[in-house]
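Overview (structure and organization)
Here is what each chain is made of, one letter per residue.
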Amino acid sequence: MAKTKTAFFCQNCGTQYAKWVGQCGACKEWNTIVEEVIQKEKDIPWQNSNDVKTTSSKPVLVGQINASSEFRLDIYDKEFNRVLGGGLVPGSLVLLGGEPGIGKSTLLLQIALRLNLRTLYVSGEESLKQIKMRAERIHPNNQTCYILTETKTQNIFKQINDITPDIVVIDSIQTLHSDYIESSAGSISQVRECTAELIRFAKETNTPVILIGHITKDGNIAGPKILEHMVDTVLQFEGDRNYVYRILRALKNRFGSTAELGIYEMQGDGLREVSNPSEVLLSKSDSGLSGTAIASTIEGMRPLMIEIQALVSTAVYGTPQRSATGYNAKRLNMLLAVLEKRAGFRLGAKDVFLNITGGISVDDPAIDLAVVAAILSSNSDVPIEKNVCFAAEIGLAGEIRPVQRVEQRILEADKLGFLKVFVSKNNKIALKNTKIDIVLVSKIEDVVNDLFL
Ligand code: TYD
Ligand code: MG
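Along each chain, the written sequence defines residue order, and numbers are assigned to residues from 1. Lettering of chains starts at A and numbering of ligands starts at 1, both following the order in which they are written. For a predicted model such as this one, the threshold for reporting local features is a pLDDT of at least 70, and the threshold for listing and counting side-chain atom pairs is 80 or more; totals across whole chains, interfaces and linings nevertheless cover every residue. Only heavy atoms go into the side-chain values, all of them from the structure, while hydrogens and water stay out.

A word on the site of ligand 1
Consider each residue's heavy atoms; a residue with any of them within 4 Å of a molecule or strand counts as near. Taken together, the neighbourhood of ligand 1 is formed by 15 residues, with G101, S105, T106, Q267 and G270 sitting nearest. Pairs of N or O atoms within 3.5 Å make up the polar contacts considered here, provided that, within protein, one atom can donate a hydrogen while the other can accept it, and that residues adjacent in sequence are counted only when both atoms are side-chain atoms. Contact distances for ligand 1 include 2.6 Å between an oxygen atom and a side-chain N or O atom of S105. At a separation of 3.1 Å, a nitrogen atom of ligand 1 approaches a polar side-chain atom of R137. Going along the chain from the N terminus, every DSSP run of H or I of four or more residues is numbered as a helix, and every run of E of two or more is numbered as a strand. Of all elements in the fold, only α2 (104–114), α3 (128–138) and β11 (261–267) reach the threshold of two or more residues within the shell around ligand 1. If you tally residues by element for the shell around ligand 1, the top one is α2, at three residues.

Focus on the side chain of D364
One can find D364 in the loop between β16 (350–356) and α9 (368–380). A polar contact of 3.2 Å, which involves the side chain of D364, links it to the backbone nitrogen of I298. Two residues qualify as a contact provided that any one of their heavy atoms is within 4.5 Å of a heavy atom in the partner residue. For D364, the contacting residues outside a window of four places in its chain are T297, I298 and R409.

Quick word on a nonpolar patch on the surface
By definition, no residue in a patch forms a salt bridge, and every one has over 30% relative accessible area; like charges are joined within 9 Å, nonpolar side chains (Val, Leu, Ile, Met, Phe, Trp, Tyr) within 5 Å. Per-residue and other accessible areas follow the Shrake-Rupley method at a 1.4 Å probe size, with only the shown protein chains counted as cover for residues. Criterion for a salt bridge: a side-chain nitrogen of Lys or Arg within 4 Å of a carboxyl oxygen of Asp or Glu. On the surface, V60, V62 and I65 cluster together into a nonpolar patch covering about 320 Å² of accessible area. In this structure, V62 sits in the loop between β3 (33–39) and α1 (78–84). Of the residues examined, V62 reaches a relative accessible area of 73% and is grouped as exposed. Only protein chains enter the accessibility calculation, which uses a 1.4 Å probe. A residue is then buried if its area is under 20% of the maximum for its type, exposed if over 50%, and partly exposed in between.

Remarks on the sheet that holds strand β14 (residues 302–314)
By definition, two strands form a pair when at least two bridges between them are found by DSSP. Spatially, β15-β16-β14-β13-β17-β20-β21 is the arrangement adopted by the seven strands of the open sheet, whose pairing is mixed. Looking at the sheet topology across the chains shown, the edges are occupied by β15 (322–325) and β21 (437–441). Across the sheet, the mean angle from the axis of one strand to that of its neighbour is 25 degrees, orientation sign disregarded. Looking at chain direction, strand β13 (residues 292–299) and strand β17 (residues 388–391) are connected through two bridges and run parallel. Counterpart to I294 in the pairing with β17 is C389. Lines are fitted to the C-alpha atoms to define the axes, a helix being fitted only along its stretch in contact, and any angle between axes, read from their N-to-C directions, falls within 0 to 180 degrees. Sheet contacts for helix α8 (residues 329–342): β15 and β16; angle to β15, the most-contacted strand, approximately 130 degrees.

Notes on the confidence of the model for the chain
Here the chain averages 87 in pLDDT, and 94% of its residues register 70 or above. Long-range and interchain partners of residues 48–52, a stretch whose pLDDT sits below 50, account for 14 contacts in this model, where long-range means more than four residues apart. Each residue carries a pLDDT score, the predictor's own confidence in it, on a scale running from 0 to 100.

Here's the deal with the pattern of salt bridges
Working definition: two side chains of opposite charge can pair if their charged atoms are close together. Counted according to the given criterion, the structure contains 22 salt bridges. D368 is paired through a salt bridge with R331; the nearest N and O atoms lie 2.5 Å apart. A residue pair is termed long-range when its members are at least 10 positions apart, and D368 in helix α9 and R331 in helix α8 qualify at 37 residues. Between D446 and K443 there is a salt bridge whose closest N-O contact spans 4.0 Å. On the accessibility criterion, D446 (25% relative accessible area) is partly exposed. Judged by its relative accessible area of 40%, K443 is partly exposed.

Brief notes about the environment of E126
In this structure, E126 sits in the loop between β5 (119–123) and α3. Note on E126: relative accessible area 17%, which makes it buried. Beyond its immediate stretch of four places on either side in the chain, E126 contacts S105, I131, R134, T149 and D171. One polar contact links E126 to R134, side chain to side chain, over a distance of 2.6 Å.

Concerning the packing of aromatic side chains
What counts as a ring pair is set by centres within 6.5 Å for rings of Phe, Tyr and Trp (its six-membered ring), and what kind of pair is set by the plane angle: stacked under 30 degrees, edge-to-face over 60, tilted for all other angles. A full pass over the atoms with the stated rule returns three aromatic pairs. Judged by centre distance (5.9 Å) and plane angle (75 degrees), the ring pair of F237 and Y264 falls under edge-to-face. Taken together, the positions of F237 in strand β9 (residues 233–239) and Y264 in strand β11 put the pair 27 residues apart, joining distant regions of the chain. Judged by its relative accessible area of 2%, F237 falls in the buried class. For Y264, a relative accessible area of 0% translates into the label buried. Centroid distance F390 to F422: 5.3 Å. Interplanar angle 15 degrees. Geometry classified as stacked. You can see F390 sitting in strand β17 and its partner F422 sitting in strand β20 (residues 420–424), a full 32 residues away along the chain. In terms of burial, F390 and F422 fall into one category: buried.

Quick look at empty space enclosed by the protein
In this approach a probe as big as a water molecule rolls over the atoms, and the regions it shows empty are the leftover space. Here a cavity denotes grid points, spaced 1 Å and computed from the protein atoms alone, that fit a 1.4 Å probe unable to get out, and a pocket denotes an open set having protein on both sides within 12 Å along at least 5 of 7 lines; residues with an atom within 4 Å of a point are the lining. Grid points are joined across faces, edges and corners, and a volume is the space filled by probe spheres set on the points. This model, assessed by the stated rule, comprises one cavity of 30 Å³ or more. Every residue along the wall of the largest cavity is listed here: R72, L84, G87, L88, V89, S92, V94, T233, N253 and F255.

With respect to the domain arrangement of the chain
In terms of domains, the chain is made up of domain 1 (1–41), domain 2 (72–275) and domain 3 (280–452). If you look at the interface, domain 2 gives 14 residues, while domain 3 gives 10 residues. Summed over both partners, the accessible area lost on bringing two parts together, with a 1.4 Å probe, is the buried area. Summing both partners gives a buried area of about 1100 Å² for domain 2 against domain 3, and 59% of it is carried by carbon and sulfur. Our count for the domain 2 to domain 3 interface comes out at two salt bridges. The shortest N-O distance in the salt bridge between E299 and R249 comes to 3.1 Å. Scanning the region where domain 2 abuts domain 3 turns up three residue pairs in polar contact (both at pLDDT 80 or more). Residue assignment for the side of domain 2 that touches domain 3 shows that the elements contributing at least two residues are α1, β10 (245–253) and β11. Each residue is assigned to one of three groups, with Ala, Val, Leu, Ile, Met, Phe, Trp, Tyr, Cys and Pro labelled nonpolar, Asp, Glu, Lys and Arg labelled charged, and all others, Gly among them, labelled polar. For the side of domain 2 that touches domain 3, the per-class residue count stands at seven nonpolar, two polar and five charged. Domain segmentation is taken from an automatic or database assignment of domains.

As for the nonpolar core
For our purposes a nonpolar core is just a set of buried Ala, Val, Leu, Ile, Met, Phe, Trp, Tyr and Cys residues, chained together by side-chain atoms within 4.5 Å. I306, I308, I367, V371, I375, F390 and F422 are the most contacted members of the largest nonpolar core, which totals 49 residues. Per-element accounting of this core gives the leading share, eight residues, to α9. Composition of this core by domain shows at least three residues from each of domain 2 (72–275) and domain 3 (280–452). In this structure I306 touches L281, L282, A293, I294, A295, T297, I356, I360, V362 and I367, once residues within four positions along its chain are discounted. The next biggest cluster of nonpolar side chains, apart from the first, holds 31 residues, and it includes A112, I210, L248 and A250.

Structure, rendered in structure tokens:
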């Protein structure tokens, strides 16, 4: 590709270099030099990202823009549709990130197989045979989904030209490489260049493209941060690999809210949509066990009933252990300190273990009261009745604080047949026609008196 010209630029100050160097001579930053294409061949479609077609646009009055007619592609997956804001927008680029093995490839292959449209699933990670085996598990006998194992973008576009798919899935952006850039696949400049080519393809042909992106150890999408700015929607697929539940959430969405979330269950034949998450997250045992409390939390826009388990036992070693799964360990320590100092419970010499069942992770402060109730229940070995739940935050002074959207939480509990919910006295509640008994409390003692005495 002789006609392509590249150069190296500092990502910090923009200085241009002819060769790669480790440190920028101008701003003295290390490892900021990245290769970029500055001039390309002109005759192949979608590859001249510097030469955006100028369809000269004119200013339009905001009142005259017709926004209601935006078409959305239904992808036959209620949870995914909802997270996208009502379906896939033609010509949009969606980036799906998540830990290895969480089910990204499964989710997108499943969508590609279920759609009655011509779909192209490009994999740079697995062989045709592997994908076929997976497809057999998920949705055998599909007639409209093409699989391509290829990593060079120029070849991918050639195939796209031939089969003109309605939707393209790329697994994964880090395995692609473009001929125009010499660095290896997955490097910052390759990821950026390949994404730019895909964006041009998507916008010019109005074809939606879904990319899978790897994430780094600290949970960010691998590659340049600018990748997230380039695409229209960034989704994250998360969960604990040892459990079956997976959560899909939007971190960025140009076409909808980022507060929606989708819940899936990983099964032997793919991912199943979970439309009633509260019911599946609660264990079905009838006998009341001590150390278990139910919290009404809100994940994104959806109320969710979750089960919290605590185990309090006398510490065998000098320093008591505190550990939390699915809950912030620092917050657990804070709640224990509040219990000790403000409510007079001697937990300083006790081991405390906390677990949120179902393998999900919650950082909603409204589950504080349920955490405290679970701890006190385990400590006194008195079970909390099965049809009781909690929705309140606890402050440093030991006061029970109001939480946002409390009515939605109460309604969810009511819907699931709970008979009693503890909320803060300071929450304004104007609910009528609920069967549930709403107990207003202001101090931890109020709860203790009601439940354990
Ligand atoms: P995968 O989609 O390969 O994850 P990613 O692309 O995010 O790395 O998911 C792999 C896991 O999913 C693997 O541990 C097996 C499991 N799985 C099922 O439980 N059921 C299924 O139907 C499929 C296809 C995979
Ligand atoms: Mg994969």
